[in-house]
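# Structural features, examined
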Amino acid sequence: MSSDNKPAGRLIKAPENFLDPAGVRQVFAEAKAGRRGFIRSAFMAASAAAVAPVAMATSNPVGSGEGDPNILSLPEHSKGLGQPVVTDGYGKPSKYEVNVQRRQSPGLTQTAQASVSFAPLQSLFGIVTPSGLHFERHHQGWWDIDPSKHRLMLNGSEPAMLKRAMVFTMDELMRLPSVSRFHFIECGANTGMEWGNVAVPTVQYSHGMLSCSEFTGVPLRVLLDMAGVDYKKARFVLAEGADGSSMTRTIPMEMVENGEVLVAYGQNGEMLRPEQGYPLRLVVPGVQGVSWVKYLRRIEVGDKPYGAKDEAIHYMDLMPGGQHRQYSSIQECKSVVTTPSGGQVLLDKGFYNISGLAWSGRGRVKRVDVSVDGGRNWRTARLEGAVLPKCLTRFNIDWVWDGKPGLIQSRATDDSGFVQPTYGQLRTARGTRSIYHNNAIQTWLVQEDGEVKNVQLS
Ligand SMILES: Nc1nc2c(c(=O)[nH]1)N[C@H]1C(S)=C(S)[C@@H](COP(=O)(O)O)O[C@H]1N2
Ligand SMILES: [Mo]
């Protein structure tokens, strides 16, 4: 491991966040010896605003605040008149939460017209991503489209594919039977930098192209039925967006026929946000984000995959042996610990709640195991709340930190039996030249000084 700190805002390309077996042995040898400061930063800590370390415990033992002036004296807000209701605006988070923002990754080239922002997973609870913190990926910028002028067209690659081509207004779509479902969306490139051994400092940048919302809309199947689609002939769907990116993706008809794919206008109880494709987007549960076409304006049904630019030259996986994988779209079972995670600081030894997220594009999360010693020993975490298919699942597990270095990992299993791979297993199957679909087990190194760092175990 190297110790150079590089300035913020530059691409840090180095294998220095890798812990090979010798590195893991060193962590445990040093842990046993109880030496301080043996491992130094393998990457820069981004600017204070970008990382804002989270103090996880302020007193030890927890709850021993006897004589604390903050409980003994009556604050102003207990004596005076508070503020009136907000009648003319949209409610905002507390000013004390101003650091909780989506951000550009310090691992990517910094530009004025940034095209991706990452969700602050380290600051979120439960499974729902607040709409204002939903990650963004725009291939050609975002728009706030007038819904009264927006149309959805439905046609066939040949007239024989359906009885009639149709054009819907938003009002017409919103009269149709609707459903509301919780689903995650993950960009296929999420955690992509880790393939290339780029150590981004926080979970926001390593896993933050991930969000989860309650989406409301019409099953695409309902629209295809209205148009009289011939399902024997039309085995594929092409979805097209109304922005300048000419984003088009092929979706196999099986995914649509079972009613899962939605033409959605609602997100977390309100209309979609402009950044998320207002007024209409496709929701393709379990499938990588690129297929969730925003500003959806056209659906075509056809008898073969379309080989569009976003499936023929982008979003392919380079495999070992010089071959590539196309139309690989399911986001396989994956998980990550969000607290404690990179950039956070444990202020004292003692009790901590290890918390994280697990998901699978194939169905439900069945189990999450957590290790604090780099995968030598595992304990099964508690899965919180309703465990929904193709949705984020929150897990929690108790941990008493002994103040020694630790290597925190989570490993998810889904109900298809798929077990989240280690980096070693992933690289054996997929080689080293990929960008997309990295679902390997993430490791956070807890240093003796309490700082948490992003490392990779081979
Ligand atoms: N029309 C359109 N749809 C799009 C995109 C786009 O640039 N234009 N980006 C895609 C990609 S690559 C992803 S990961 C998701 C991101 O959705 P979000 O911005 O709502 O997080 O939208 C997809 N749909
Ligand atoms: Mo994406």
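- Per an unreviewed UniProt entry, the chain carries the name Sulfane dehydrogenase subunit SoxC and comes from Roseateles toxinivorans.
- Taken from UniProt, the Cofactor (unreviewed entry) comment for the chain reads in full: "Mo-molybdopterin".

## Some points on the overall build of the chain
- Secondary structure assignment for the chain yields 10 helices and 24 strands.
- The buried share of the chain, reckoned over its 458 residues, is 52%.
- Taking the contacts inside the chain whose residues are at least 6 apart along the sequence as the reference set, 72% of them involve residues at least 24 apart.
- Counting only carbon and sulfur atoms, one obtains 54% of the accessible surface of the chain, whose full area is about 21000 Å².

## So, the nonpolar core
- In terms of nonpolar packing, the biggest core is built from 87 residues, with L220, L223, L224, L282 and I299 touching the most fellow members.
- Among the elements that make up this core, the one with the highest residue count is strand β17 (residues 350-359) (5 residues).
- Both domains that meet at this core, namely domain 1 (1-56 + 330-458) and domain 2 (115-315), each give it at least three residues.
- Not counting residues within four places of it along the chain, the set of residues in contact with L224 comprises L154, V229, Y231, V237, M253, V256, I299 and V301.

## Overview of the site of ligand 1
- Close to ligand 1 lie 22 residues, the nearest being F135, H139, D243, R281 and K294.
- Contacts to ligand 1 include F135, whose backbone N or O atom sits 2.6 Å from an oxygen atom.
- In isolation ligand 1 offers 530 Å² of accessible surface; the protein chains occlude 100% of this area.
- For ligand 1, the cavity whose grid points lie within 2 Å of the majority of its atoms is the largest cavity.
- In terms of residue class, the shell around ligand 1 is built from 9 nonpolar, 7 polar and 6 charged.

## Section: the pattern of salt bridges
- This structure, assessed with the given rule, holds 21 salt bridges.
- The shortest N-O distance in the salt bridge between D146 and K149 comes to 3.5 Å.
- Of the residues examined, D146 reaches a relative accessible area of 33% and is grouped as partly exposed.
- Given a relative accessible area of 64%, K149 falls into the exposed group.
- R235 serves as the salt-bridge partner of E254, at 3.5 Å between the closest nitrogen and oxygen. With E254 in helix α8 (residues 253-257) and R235 in the loop between α7 (220-226) and β8 (236-241), this residue pair connects regions lying 19 residues apart in the sequence.
- Given the relative accessible area of 47%, E254 is considered partly exposed.
- Assessed through its relative accessible area of 25%, R235 is described here as partly exposed.
- Each of E240, R297, R298 and E300 takes part in one network of salt bridges that share partners.

## Brief notes about the sheet that holds strand β13 (residues 296-302)
- One open sheet holds the 5 strands; their spatial order is β5-β4-β13-β8-β9, and the pairing between them is mixed. The sheet is open, and its two borders are formed by β5 (166-169) and β9 (248-252), each paired with just one other strand. Between one strand axis and the next, the sheet turns through 20° on average, direction left out of account.
- In terms of strand pairing, strand β4 (residues 151-156) meets β13 through 4 bridges, oriented parallel. From the neighbouring strand, L154 faces β13, where its bridge partner is I299.

## Some points on the environment of D243
- Note on placement: D243 falls in the loop between β8 and β9.
- Among all residues touching D243, those that are not within four sequence positions of it are G141, W143 and Y295.

## So, the environment of G132
- Within the secondary structure, G132 is located in the loop between β2 (116-117) and β3 (136-137).
- Judged by relative accessible area, G132 falls into the partly exposed class, the value being 33%.
- In this structure the C-alpha to C-alpha distance between G132 and A119, which are 13 residues apart in sequence, comes to 9.3 Å.

## Focus on the layout of surface pockets
- Reported here for the second largest pocket is a volume of approximately 490 Å³.
- Every residue lining the second largest pocket is counted, 27 residues in all, and those nearest its centre are L108, A189, G192, M209 and I435.
- Among the elements of the structure, α5 (192-195) and α6 (203-207) are those that each provide at least two residues to the lining of the second largest pocket.
- Ranked by residue count, the leading element in the lining of the second largest pocket is α5, at 4 residues.
- Among the residues making up the lining of the second largest pocket, the classes are represented as 15 nonpolar, 9 polar and 3 charged.
- Here the lining of the second largest pocket spans two domains, since at least three of its residues come from each of domain 1 (1-56 + 330-458) and domain 2 (115-315).

## Let's talk about the sheet that holds β17
- One open sheet holds the 4 strands; their spatial order is β16-β17-β21-β20, and the pairing between them is antiparallel. Both edges of this open sheet fall to β16 (334-339) and β20 (382-383), since each of them pairs with a single strand only.
- In this structure, β20 lies alongside strand β21 (residues 393-401), joined through 2 bridges in antiparallel fashion. By the bridge assignment for β21, L383 is matched with F395.

Thresholds, definitions, all that
- Residues numbered from 1 in each chain as written.
- Chains lettered and ligands numbered in written order.
- Predicted model: local features only at pLDDT ≥ 70, side-chain atom pairs only at ≥ 80, totals over all residues.
- Heavy atoms only, no water.
- UniProt positions renumbered as here; feature names shortened; annotations may be inferred.
- Helix = DSSP H or I, 4+ residues; strand = E, 2+ residues; numbered from the N terminus.
- Buried < 20%, exposed > 50% of the residue type's maximum accessible area, 1.4 Å probe, protein only.
- Contact = heavy atoms within 4.5 Å.
- Areas by Shrake-Rupley, 256 points an atom, 1.4 Å probe, with all protein chains shown as cover.
- Core = buried A, V, L, I, M, F, W, Y, C linked by side-chain atoms within 4.5 Å.
- Domains from an automatic or database assignment.
- Near = heavy atom within 4 Å.
- Polar contact = N/O pair within 3.5 Å; in protein donor to acceptor, adjacent residues only side chain to side chain.
- 1 Å grid on protein atoms, 1.4 Å probe; cavity = no way out; pocket = protein on both sides within 12 Å on 5 of 7 lines; lining within 4 Å.
- Sits in = over half its atoms within 2 Å of the grid points.
- Nonpolar A, V, L, I, M, F, W, Y, C, P; charged D, E, K, R; others polar.
- Salt bridge = Lys/Arg side-chain N within 4 Å of Asp/Glu carboxyl O.
- Pairing = 2+ DSSP bridges.
- Axes fitted to C-alpha atoms, helices over the stretch in contact; angles between N-to-C directions.
- Points joined across faces, edges and corners; volume = space filled by probe spheres on them.

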